[in-house]
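# Summary of structural features
So the chains spell out like this:
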Amino acid sequence: MPDETLHLPLIHSVLEREKDTPGALLPILHAIQDGAGYIPDLAIAEIAHALNLSLAEVRGVISFYHDFRTTPPARHTLRLCRAESCQSMGAERLAAQLREQLELDDHGTSADGQISLRPVYCLGACACSPALELDGRLHARLTPEHLRDLVNGCLEEGSC
Amino acid sequence: MLRLCIPCDSVARAVGADEVADSLLREAERRQLPIELLRTSSRGLYWLEPLLELEGPEGRLGFGPLTAADVPSVLDALAGNAGSHPLALGPVEEIPYLKSQQRLLFARAGITRPLSLEDYRARGGFEGLDRAIALGGEATVAAVLDSGLRGRGGAAFPAGIKWRTVREAGAGQKYVVCNADEGDSGTFADRMLMEGDPFLLIEGMAIAGLAVGASMGYVYVRSEYPDAIDTLNQALRIAREAGYLGANAGGSGRAFDLDVRVGAGAYICGEETALLDSLEGKRGTVRAKPPLPALQGLFGLPTLVHNVLTLASVPIILARGAQFYRDFGMGRSLGTMPFQLAGNIRHGGLVERAFGLTLRELVEGYGGGTASGRPLKAAQVGGPLGAWVPPAQFDTPLDYEAFAAMGAMLGHGGVVVADDSLDMARMARFALQFCAEESCGKCTPCRIGSTRGVEVVDRLIASTNAAAREEQAELLRDLCDTLQSGSLCALGGMTSYPVASALKHFPADFGLQTSEADQ
């Protein structure tokens, strides 16, 4: 685990900027996660103090939403859409291919820490299913070959 | 100088629009050919994306779907006989898929640049806001009532009644909230609209704010749409600088401003009360109604909550009049609806038509049948909580009441098509699993019933004798009833739709012998 105190300046500047915003908790959590890559544990007490909330309330919000994570992310995040439109175009076969290639379940991180897998339920690309998002970039009309190339690209980049 | 257009829409880019644009610029420079390349929104004819359009005296000529490798040959064709290229589509507006549509909401789709105020105004932008300001709040609310506009989410509640309730809900701080977190699979009209025509949503919200007496609005956008969030934020800044938002919104003498809030991947936040809790910085837990959000909404104050398509329908109602809008549609389903064709379909894309065309016209006419070429099995209409409709019912007109009458719903207008390879027992299990994962946990049928439902489907599929299977099927039907009548919100209540419809129309997938007629 990296030294979390490194993130304190970020946390403080976010809180200073956002603490008086109405309903500030989600914007604060997004800003910290955007900056640090995750919500460090020490941020929770700082947020609770600034917003006059209990630690349990802050933790409860973090754990409720799928987007927030409390550990650093892998180098690459791959979100494969698993909703009905993509399922009807073979998304489950692509998910099986990923599980096999990376030896992972749907939520795991590869052993070398390069790629995290996450299911997502609709990226709005349904007219060009199946689709995925890799590091914020959308790819649609996926084929098994295209998916393999994308994953290999991530893996090769990590080895050098 | 050649004027060319390529969409900057995220899905057009996901299938290569940026690569085509880059290749065009490079190739034109190499040939010393002067071109102007505009990044417009998408027409929503997604099977043709990336779609390149050349502006000419007879309108825009289309080429698509292109890859970067096609660019040199397209430029060759443009120098000579443009129509001779194998990917030439002729005048885009003459493509039957587009020509037969009735585009009110998506009138600018594929034509204008999303962040150009000049493009927006040149095509009727802000005429609705001007008219609303001239009419005043009461007459604006009356126009929305007279138009027959109903909420485009799922419940189809008359919009004007909500507006009147909020307007009459005393003085003081009020809010307008746009629910842009409706993340139903198979729907993408919200994403297209926010990415492609953000000023339309801003205009609709400004009209709403001024009419009901709210000075502040929020657009709560799902985090899965990063391009929409980015575009909206830029559009807000531009609109504010141009005076359409702020202390003197649109020259009305009154204040109205907007902020974008980003969701965090919780499907339940597409439910309006859960969304309000989330906006307040809490877990997105559903609230019991009453009190209605119109009276006690965001931070306990009167709040007008609508989804993207509802708010974006307002400018044209004001600009062209309530009667103009009423002239589209059938029965009590008035105006137009952007239907979204997705899944295993040949011509996936956006079809905006007046209510009343049939599902068959949509799926077989516009959609051209399955992409795989295999027989059509079913279409799920209205998102993950919508029923699976078998082809035998495809002649039903797309109308709120007609769909409700057969135990289905139009919802957000999404249509996901499946061929015969899709296993409906798996899809029923998926619907229950999805409900279990996304339940906010507040009410028992949804929180626990969904988990038990997954177990029942598993036992049903695994059962080896007919009597045991029938027993589990009966249990599943009973559970669907409980979910439908005992849940606090639509997530639990409507998860029964895909499950019960799969069981009813596709018993063989569950290993059941019973036909529909036996039930």
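Residues numbered from 1 in each chain as written. Chains lettered and ligands numbered in written order. Predicted model: local features only at pLDDT ≥ 70, side-chain atom pairs only at ≥ 80, totals over all residues. Heavy atoms only, no water.

## Some details on the overall build of chain B
Worth spelling out the cut-off: Helix and strand definitions follow DSSP, with helices as H or I runs of at least four residues and strands as E runs of at least two, each counted in order from the N terminus. Put simply, the radius of gyration uses C-alpha atoms, and a globule should come to 2.2 Å times the residue count raised to 0.38. Here's how the labels work: a residue is buried when its accessible area is under 20% of the maximum for its type, exposed when over 50%, partly exposed in between, all with a 1.4 Å probe on protein chains only. Only heavy atoms matter for contacts: two residues are in contact if any of them lie within 4.5 Å across the pair. The Shrake-Rupley method, run with a 1.4 Å probe sphere, supplies the accessible areas, and residue values consider only the shown protein chains as cover.
Looking only at helices and strands, one finds 22 helices and 16 strands in chain B. What you see for chain B is a C-alpha radius of gyration of 24 Å, in line with the 24 Å of a compact globule of 519 residues. Structurally, chain B occupies a C-alpha span of about 75 × 60 × 40 Å along its principal axes. Counting every position in chain B, which comprises 519 residues, the buried fraction comes to 61%. Nonlocal contacts in chain B, meaning residues at least 24 apart in sequence, comprise 70% of its contacts between residues at least 6 apart. Within the structure as shown, chain B displays about 18400 Å² of accessible surface, and the carbon and sulfur contribution to it stands at 51%.

## Some remarks on the UniProt feature "transmembrane region" (unreviewed entry) in chain B
Using the following cut-off: UniProt positions are given in the numbering used here, feature names are shortened, and annotations may be inferred rather than shown by experiment.
What UniProt calls "transmembrane region" (unreviewed entry) maps, in this numbering, to residues 199-221 of chain B. For residues 199-221 of chain B, helix accounts for 61% and strand for 26%, while the C-alpha atoms at its two ends are 15 Å apart.

## Regarding the sheet that holds strand β2 (residues 115-120) of chain A
Backbone-to-backbone hydrogen bonds pair the strands of a sheet. The strands run either parallel or antiparallel. Residues and elements named next belong to chain A. Quick note on the threshold: Criterion used throughout: strands pair if DSSP finds at least two bridges between them. What counts as an axis is a line fitted to C-alpha atoms, over the stretch in contact for a helix, and the angles between N-to-C directions run from 0 to 180 degrees.
Pairing is mixed in the open sheet, where four strands are placed in the order β2-β1-β3-β4. Looking at the sheet topology across the chains shown, the edges are occupied by β2 and β4 (137-139). Strand-to-strand, the axes of this sheet are offset by a mean angle of 25°, without reference to chain direction. Lying on the sheet, helix α6 (residues 91-102) is in contact with β1 (76-81) and β2; it crosses β1 at an angle near 150°.

## Remarks on the state of the cysteines
Residue and element names in this part refer to chain A. The line we're drawing: Disulfide: a pair of cysteine sulfur atoms within 2.5 Å of each other.
The tally for this structure, following the rule as stated, stands at zero disulfides over all chains. Cys86 provides the cysteine sulfur closest to Cys81, a residue in no disulfide bond, and the two sulfurs are 3.7 Å apart. By relative accessible area, Cys81 is classed as buried at 3%. Unpaired in terms of disulfides, Cys122 finds its nearest cysteine sulfur in Cys126, a separation of 3.6 Å. The class for Cys122 is buried, based on a relative accessible area of 1%.

## Concerning the side chain of A:Gln97
Residues and elements named next belong to chain A. Along the polypeptide, Gln97 turns up in helix α6. Note on Gln97: relative accessible area 11%, which makes it buried. Contact partners of Gln97, with chain neighbours within four places excluded, come to Pro144, Leu147 and Arg148.

## Regarding empty space enclosed by the protein
What counts, and what does not: The method works on a 1 Å grid over the protein atoms by themselves. A cavity is a set of points holding a 1.4 Å probe that cannot get out, a pocket is an open set with protein on both sides within 12 Å along at least five of seven lines, and residues with an atom within 4 Å of a point line them. Grid points are joined across faces, edges and corners, and a volume is the space filled by probe spheres set on the points. The nonpolar class holds Ala, Val, Leu, Ile, Met, Phe, Trp, Tyr, Cys and Pro. Asp, Glu, Lys and Arg form the charged class, and all remaining residues, Gly among them, are polar.
Applying the stated criterion across every chain, the model contains six cavities of 30 Å³ or more. Of the pockets and cavities examined, the largest cavity occupies roughly 90 Å³. Taken together, the elements giving at least two residues each to the lining of the largest cavity come down to β4 of chain A together with α9 (189-196) and α11 (226-241) of chain B. Along the lines of polarity and charge, the residues of the lining of the largest cavity split into four nonpolar, two polar and six charged.

## Re the interface of chain B and chain A
Short version of the rule: As a working definition, buried area equals the accessible area (1.4 Å probe) given up by two parts on being put together, with both sides summed. Between Lys or Arg on one side and Asp or Glu on the other, a salt bridge is scored when a side-chain nitrogen of the former is within 4 Å of a carboxyl oxygen of the latter. Pairs of N or O atoms within 3.5 Å make up the polar contacts considered here, provided that, within protein, one atom can donate a hydrogen while the other can accept it, and that residues adjacent in sequence are counted only when both atoms are side-chain atoms.
Counting residues at the interface gives 60 residues for chain B and 38 residues for chain A. Of the roughly 3600 Å² buried between chain B and chain A, counting both surfaces, carbon and sulfur atoms make up 57%. For the pair chain B and chain A, the interface holds two salt bridges. For B:Glu19, the salt bridge goes to A:Arg137, with nearest N and O atoms at 3.5 Å. Where chain B touches chain A, the interface holds 24 residue pairs in polar contact (both at pLDDT 80 or more). Among the secondary structure elements, those contributing two or more residues to the side of chain B that touches chain A are α1 (10-14), β7 (216-221), β8 (257-262), α12 (272-279), β12 (336-343), β16 (414-419) and α17 (424-438) of chain B. Its residues placed into classes, the side of chain B that touches chain A shows 30 nonpolar, 16 polar and 14 charged.

## A short note on the confidence of the model for chain B
Keep this limit in mind: The quantity known as pLDDT measures the predictor's confidence residue by residue, on a range of 0 to 100.
Averaged over every residue, the pLDDT of chain B is 96; residues scoring 70 or more account for 99%. With pTM at 0.96, the complex prediction returns an ipTM value of 0.95.

## Things to note about the packing of aromatic side chains
Our working definition: Between 30 and 60 degrees the pair is tilted, below 30 it is stacked and above 60 it is edge-to-face, where a pair is any two Phe, Tyr or Trp rings, Trp via its six-membered ring, whose centres lie within 6.5 Å. In this analysis the charged atom, NZ for Lys or CZ for Arg, is taken to sit over a ring once it is within 6 Å of the ring centre and within 35 degrees of the ring normal.
Enumeration over the complete set of coordinates arrives at 16 aromatic pairs over all chains. Between A:Phe64 and A:Tyr65, the aromatic rings sit 5.0 Å apart at their centres with planes inclined by 80°, giving edge-to-face as the arrangement. Of the two residues, A:Phe64 and A:Tyr65, neither departs from the other in class, the shared state being buried. Here the aromatic cluster, defined as three or more aromatic residues joined through ring pairs, consists of A:Tyr121, B:Tyr267, B:Phe430 and B:Phe434. Over the ring of B:Tyr225 we find B:Arg222, and its NZ or CZ is 4.8 Å from the ring centre. One cation-aromatic arrangement involves B:Arg320 over B:Phe324; the distance from NZ or CZ to the ring centre is 4.1 Å.

## A few points about the packing of helix α3 (residues 41-51) of chain A against helix α4 (residues 55-64) of chain A
Residue and element names in this part refer to chain A. Cut-off, in case you're wondering: Note that the term roughly parallel is reserved for angles under 35 degrees, roughly antiparallel for angles over 145, roughly perpendicular for angles of 65 to 115, and oblique for everything else. Left-handed describes a crossing in which the near helix is turned anticlockwise from the far one by less than a right angle; the clockwise case is right-handed.
Interhelical geometry of α3 versus α4 gives an angle of 125° and a closest axis separation of 9 Å. By the criterion of interaxial angle, the relationship of α3 to α4 is oblique. Crossing of α3 over α4 shows right-handed handedness. Side by side, α3 and α4 meet where Asp41, Ile44, Ala45, Ile47 and Ala48 of the first sit next to Leu55, Val58, Arg59 and Ile62 of the second. The class makeup of the residues in the contact of α3 with α4 is seven nonpolar, no polar and two charged.

## Considerations on the environment of B:Val305
Residues and elements named next belong to chain B. With respect to the helices and strands, Val305 occurs in strand β9 (residues 303-307). Judged by relative accessible area, Val305 falls into the buried class, the value being 3%. Residues Val305 and Ala79, spaced 226 residues apart in sequence, show a C-alpha to C-alpha distance of 52 Å.

## Some thoughts on the sheet that holds strand β15 (residues 388-389) of chain B
Residue and element names in this part refer to chain B. Read from one edge to the other, the open sheet built from five strands follows the order β13-β12-β16-β14-β15, with strand pairing classed as mixed. The open sheet has two free edges, formed respectively by β13 (349-354) and β15, since each of these has just one partner strand. In the sheet, β12 pairs with β13 via six bridges, with the strands oriented antiparallel. Opposite Thr336, over in β13, you have Ala354 as the bridge partner.

## What about the layout of surface pockets?
Counted as a void, the largest pocket has a volume near 1100 Å³. Taken together, 47 residues line the largest pocket, and the ones lying closest to its centre are B:Gly154, B:Ala155, B:Glu271, B:Glu272 and B:Ala490. If you tally residues by element for the lining of the largest pocket, the top one is β9(B), at five residues. Of the residues that constitute the lining of the largest pocket, the class distribution is 21 nonpolar, 17 polar and nine charged. Of the voids in this model, the second largest pocket is the one considered here, and its volume is about 740 Å³. For the lining of the second largest pocket, the secondary-structure elements that each account for two or more residues are α1 (8-18), α2 (25-36) and β1 of chain A together with α11 and β8 of chain B.

## What to know about the packing of helix α20 (residues 466-486) of chain B against helix α22 (residues 496-505) of chain B
Residue and element names in this part refer to chain B. The contact between α20 and α22 brings their axes to 9 Å, and the two run at 150°. By the angle between their axes, α20 is roughly antiparallel relative to α22. Here α20 and α22 pass one another in a crossing that is left-handed. Residue-level contacts link Ala473, Leu476, Arg477, Cys480 and Gln484 of α20 to Ser496, Tyr497, Val499, Ala500 and Leu503 of α22. Looking at the contact of α20 with α22 residue by residue, the classes come out as seven nonpolar, two polar and one charged.

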